[in-house]
There are 2 protein chains.
Amino acid sequence: MTDRLLELFERANGEFVSGEEISGKLQVSRTAIWKQIERLRTQGYEFEAVPRKGYKLLSKPDKLDVADVLSRLQTKVLGRELKYYEQVESTQNIAREWVDAGAPEGTLVVAEMQTAGRGRMGRSWHSPKGKGLWMSLILRPSIPINFTPQLTLLVAVAVCRAIRGNLHLPVGIKWPNDLLIDRKKVCGILLESSAEDERLQHVIVGMGISANLEPRDYSPELAAKATSLAIASGRAIDRTELLCRVMLELEQLYDMYQERGFAPIKSLWEALSVTLDRPVAVDTPKGRTEGTAVSIEDSGALVVRLEDGKLVKMYSGDVEMR
Amino acid sequence: MTDRLLELFERANGEFVSGEEISGKLQVSRTAIWKQIERLRTQGYEFEAVPRKGYKLLSKPDKLDVADVLSRLQTKVLGRELKYYEQVESTQNIAREWVDAGAPEGTLVVAEMQTAGRGRMGRSWHSPKGKGLWMSLILRPSIPINFTPQLTLLVAVAVCRAIRGNLHLPVGIKWPNDLLIDRKKVCGILLESSAEDERLQHVIVGMGISANLEPRDYSPELAAKATSLAIASGRAIDRTELLCRVMLELEQLYDMYQERGFAPIKSLWEALSVTLDRPVAVDTPKGRTEGTAVSIEDSGALVVRLEDGKLVKMYSGDVEMR
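Chain A appears in an unreviewed UniProt entry as Bifunctional ligase/repressor BirA from Paenibacillus gyeongsangnamensis. On record in UniProt, under Sequence similarities (unreviewed entry), the comment for chain A is "Belongs to the biotin--protein ligase family." Note on chain A: under the UniProt heading Function (unreviewed entry), the record states "Acts both as a biotin--[acetyl-CoA-carboxylase] ligase and a repressor."

Caption draft 1: Looking closely at the side chain of Asn212 of chain B. Residue and element names in this part refer to chain B. Tracing the sequence through the fold places Asn212 in the loop between strand S11 (199-209) and helix H7 (220-223). Reaching out from Asn212, the side chain makes a polar contact with the backbone nitrogen of Ile237 at a distance of 2.7 Å. Those residues in contact with Asn212 that lie beyond four places of it in its chain are Asp62, Lys131, Asp217, Ala230, Arg235, Ala236, Ile237 and Arg239.

Caption draft 2: Region of interest: the sheet that holds strand S12 (residues 279-284) of chain A. All names here are of chain A. Spatially, the 5 strands line up as an open sheet ordered S15-S14-S13-S12-S16, and their pairing is antiparallel. On the outer flanks of this sheet lie strand S15 (311-314) and strand S16 (318-321), each paired with one strand and no other. Between one strand axis and the next, the sheet turns through 45° on average, direction left out of account. Sheet topology note: the S12/S16 ladder contains 4 bridges and is antiparallel. When the sheet's bridge partners are listed, Val282 is paired in S16 with Val319.

Caption draft 3: Here's a closer look at the pairing of strand S9 (residues 178-181) of chain A. Residues and elements named next belong to chain A. Side-chain alternation along S9 places Asp178 and Leu180 on one buried face and Leu179 and Ile181 on a second face that is also buried. In this antiparallel pair of consecutive strands, strand S8 (residues 172-174) and S9, the connection spans 3 residues. In terms of strand pairing, S9 meets strand S10 (residues 184-196) through 3 bridges, oriented antiparallel. Counterpart to Leu180 in the pairing with S10 is Lys185. Hairpin geometry of S9 and S10 is characterised by an intervening segment of 2 residues between the two adjacent antiparallel strands and by a positive phi of about 50° at Asp182.

Caption draft 4: Quick look at the pairing of strand S13 (residues 287-296) of chain A. Residues and elements named next belong to chain A. Across 6 bridges, the pairing between S12 and S13 is antiparallel. Note on S13: the bridge partner recorded for Val280 is Gly291. What sits between the antiparallel neighbours S12 and S13 is a turn of 2 residues. Here S13 pairs with strand S14 (residues 302-305) via 4 bridges, running antiparallel. Of the residues in S14, the one forming a bridge with Thr292 is Arg305.

Caption draft 5: Quick look at the domain arrangement of chain A. Domain boundaries assigned for chain A yield domain 1 (2-59), domain 2 (66-272) and domain 3 (279-321). The C-alpha-based centres of domain 1 of chain A and domain 3 of chain A are spaced at 54 Å.

Caption draft 6: Structural detail: the relation of the copies chain B and chain A. Least-squares fitting of chain B to chain A yields an RMSD of 0.1 Å, with the transformation described by 0.0 Å of translation along the axis and a rotation of 180°. The two molecules are tied by a two-fold rotation axis, judged by turn and shift. A share of 100% of interface residues in chain B that are also interface residues in chain A marks the association as one of identical surfaces.

Caption draft 7: Layout of the UniProt feature "domain: BPL/LPL catalytic" (unreviewed entry) in chain A. Those places that UniProt annotates as "domain: BPL/LPL catalytic" (unreviewed entry) correspond, in this numbering, to residues 71-258 of chain A. What you have in residues 71-258 of chain A is 32% helix and 30% strand, and the ends, taken at the C-alpha atoms, are 27 Å apart.

Caption draft 8: Looking closely at the sheet that holds strand S13 (residues 287-296) of chain B. All names here are of chain B. If you walk across this open sheet you meet the 5 strands as S15-S14-S13-S12-S16, and the pairing is antiparallel. Looking at which strands have only one partner, the edges of the open sheet turn out to be strand S15 (311-314) and strand S16 (318-321). Ignoring strand direction, the axes of neighbouring strands in this sheet form an average angle of 45°.

Caption draft 9: Quick peek at the packing of aromatic side chains. Under the criterion given, the structure shown has 4 aromatic pairs over all chains. The ring of Trp98 of chain A has Lys83 of chain A sitting right over it, with the charged end atom 3.9 Å from the ring centre.

Caption draft 10: Structural view of the UniProt feature "DNA-binding region" (unreviewed entry) in chain A. Under the UniProt annotation, the feature "DNA-binding region" (unreviewed entry) is placed at residues 19-38 of chain A. Between the C-alpha atoms that bound residues 19-38 of chain A there is a distance of 14 Å. The span itself is 85% helix and 0% strand.

Caption draft 11: Quick look at the packing of helix H1 (residues 2-12) of chain A against helix H2 (residues 19-26) of chain A. All names here are of chain A. One way to put it is that H1 packs onto H2 with a least axis distance of 11 Å and a crossing angle of 135°. With respect to H2, the axis of H1 lies oblique. Helix-helix and strand crossings are classified by hand; for H1 and H2 the assignment is right-handed. Here H1 contributes Arg4, Leu5, Leu8 and Phe9 to the contact with H2, which in turn contributes Ile22, Lys25 and Leu26.

Caption draft 12: View of the pattern of salt bridges. A complete count under the given rule lists 70 salt bridges over all chains for this structure. Between Asp62 of chain A and Arg239 of chain A there is a salt bridge, with the nearest N and O atoms lying 3.0 Å from each other. Note that Asp62 of chain A is positioned in the loop between strand S2 (54-59) and helix H4 (66-72) and Arg239 of chain A in helix H9 (residues 239-260), a separation of 177 residues in sequence. With a closest N to O distance of 3.0 Å, Asp283 of chain B and Arg288 of chain B form a salt bridge. Arg288 of chain B sits in the partly exposed class, given a relative accessible area of 42%.

Caption draft 13: View of the packing of helix H6 (residues 148-167) of chain A against helix H10 (residues 263-272) of chain A. All names here are of chain A. Between H6 and H10, the least distance of the axes is 9 Å, while the angle of their chain directions is 55°. On the basis of their axis angle, the class for H6 and H10 is oblique. Judged by the twist between their axes, the crossing of H6 over H10 is left-handed. For the pair formed by H6 and H10, the contact residues are Leu153, Leu154, Ala156, Val157, Cys160, Arg161 and Arg164 on the first element and Ile265, Leu268, Trp269 and Leu272 on the second. Classifying every residue of the contact of H6 with H10 by side-chain character gives 9 nonpolar, no polar and 2 charged.

Caption draft 14: Region of interest: the environment of Val294 of chain B. All names here are of chain B. If you trace the backbone, Val294 turns up in strand S13. By relative accessible area, Val294 is classed as partly exposed at 22%. Non-local contacts of Val294, meaning those with residues more than four positions away in its chain, are made with Leu276, Asp277, Val303, Arg305 and Leu311.

Calculation rules
- Once a new chain begins, its residue numbering starts again from 1 and follows that chain's sequence as written.
- Each chain gets a letter, beginning with A, and each ligand a number, beginning with 1, in the order they are written.
- Whole-chain, interface and lining totals are the exception, using all residues; otherwise, since this is a predicted model, local features are given only for residues with pLDDT of at least 70 and side-chain atom pairs are given and counted only at 80 or more.
- Calculated side-chain values reflect all of the structure's heavy atoms, with hydrogen atoms and water omitted.
- UniProt positions are given in the numbering used here, feature names are shortened, and annotations may be inferred rather than shown by experiment.
- Helix and strand definitions here come from DSSP, where helices need a minimum of 4 consecutive H or I residues and strands a minimum of 2 consecutive E residues; each element is numbered from the N-terminal end.
- For this analysis, a polar contact is any N or O atom pair within 3.5 Å, provided that within protein one partner can donate a hydrogen and the other can accept it, and provided that sequence-adjacent residues contribute only side-chain to side-chain pairs.
- What makes two residues a contact is simply this: any of their non-hydrogen atoms within 4.5 Å.
- Two strands form a pair only when DSSP identifies at least two bridges running between them.
- Fitting a line to C-alpha atoms yields each axis, with helices limited to the stretch in contact; the angle taken between N-to-C directions then spans 0 to 180 degrees.
- Burial classes follow relative accessibility: with a 1.4 Å probe on protein chains only, a residue under 20% of its type's maximum area counts as buried, one over 50% as exposed, and anything between as partly exposed.
- Each domain's limits were defined by an automated method or a database of domain assignments.
- The least-squares superposition of copies is restricted to C-alpha atoms, and to residues with a pLDDT of at least 70 in both copies.
- Paired rings are identified among Phe, Tyr and Trp, the last through its six-membered ring, by centres lying within 6.5 Å, and are further divided according to the angle between planes into stacked (under 30 degrees), edge-to-face (over 60) and tilted (the rest).
- For a Lys NZ or an Arg CZ to count as sitting over a ring, it must be within 6 Å of the ring centre and within 35 degrees of the ring normal.
- Angle categories: roughly parallel below 35 degrees, roughly antiparallel above 145, roughly perpendicular from 65 to 115, and oblique for all the rest.
- Working rule for handedness: look at the near helix, and if it is turned counterclockwise from the far one by less than a right angle, call the crossing left-handed; if clockwise, right-handed.
- One side-chain nitrogen of Lys or Arg within 4 Å of one carboxyl oxygen of Asp or Glu is enough to make a salt bridge.
- Gly counts as polar in this scheme, as do all residues outside two lists: the nonpolar Ala, Val, Leu, Ile, Met, Phe, Trp, Tyr, Cys and Pro, and the charged Asp, Glu, Lys and Arg.

So this is what it looks like as structure tokens:
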């Protein structure tokens, strides 16, 4: 029935189709139609429903086309091995399976939808179908484990630059790697790394970029602290273009990092930071620290000046900007 | 047949049993006896075979007794959750499965034998049945990822102190965590860690302590660079006692580390090091560095003074003492 229903809407060409007409042509009840519409909505189809006029198909789900992505990628390595999924629990988990199976550096797992997307510190990540870039990139950098936090900052810089370059939006970085527009989160980054003694073995870089989410895609609670690129820019985002730009920025910075070390990345991070020179509160497992964020160190640590002038280094934690 | 064969040897009380006698009593051929003896040898039984005299049972395989271990453990947490296996591919892999299943901090996986024991840098680890302590300990320390190399050094100190305290052998530490007696390796340590952004999630501490291996347990190639506690001390090692001592030392140092940081661990490491103040060559993926090892840093790095007096930090690598 779904195919025939969609065919009706295709033929209607963006106009309303009455419940009566559908019911007559498909020989089904009004309730059955309503159920089908609801099911299509969960798949990313958007309908307007007006009493007496019927239903209007507003938009079909946006789908990434693997061949299209590959043809537009400008990278040498990153994203070239592309694993595309309609729906997964979490792209991080799928990427870990690919790591265990020996997938090479640059392998990228992308899904249209995550049912259990993961964020920092065990939080969930809202990943509705076709609305974002929910993806995990496998890296195998030959750097000592101590330098892993530098990678965390590098990824934030790369995604921030990609969004700025592609969409000219005022995105900033909250330490260590949240991307914000007007204090609202638009992208979450999660690096899961694995090491053997003092050597890093692999890193799975999780990126959740809220591209085309609309206000109705957010619960009131989420709406207070999250936004999307579409909401911020007022227009639909070409996810393929953005994906390719993210991969390109990442590859360029990653290459630069391996060649020249952390110094240039650090400068870029500082320039894009919305945390530095601001009053902050940092929550860690050991408690809350309040003060002014003054700098980052080569270790990746955030240096906070307390009220009494004392400087403390925060190696991990959750920053609240006050 | 195996049980009745062993019963014959038990009754012989350490004396020779002739092939004729076995063949008669068990109603089997000489070839069948020989096959059984070979099978028992792979299980850790040791026989002397003398033409015309027959076979003599020299020793039965040493087996750890879980109840015995638990009753002798003096720790609060480490080793209290004990997972005992006769034979595994690698205790590290089993421990990772336990981590994924949510095993608590302190869970210890011990096996009598590993068929694919793993060492540093993809090397294998020789783990014959009943002859060593082949084990993996799960830790979930709440420290930033940067500090993981400090844990690597901590574990080396703990095992080194346990062996010294228990057996009074002159064990020393080669940076970062090999334990040597007379320049031969007697224990290998391998930390596999997993982190989320800048936070460590868990560490699997692999320890391979060559306790009761005899010269014939080593290939000529291994014999040149490896030894055992039994060979070095000239007597059989009580593996249970050593295991309990390792857990106790580890717990004490781990608690001290969480309370007072790296400084006291660093002092202990320096005192037990056989690397410092020695000419060394360090092999890394980027090449070989030769010089004199002068100190370790809080980052865990080894500082090497080159011939021209320049100091370089080695974050990872394989040390050769010259």
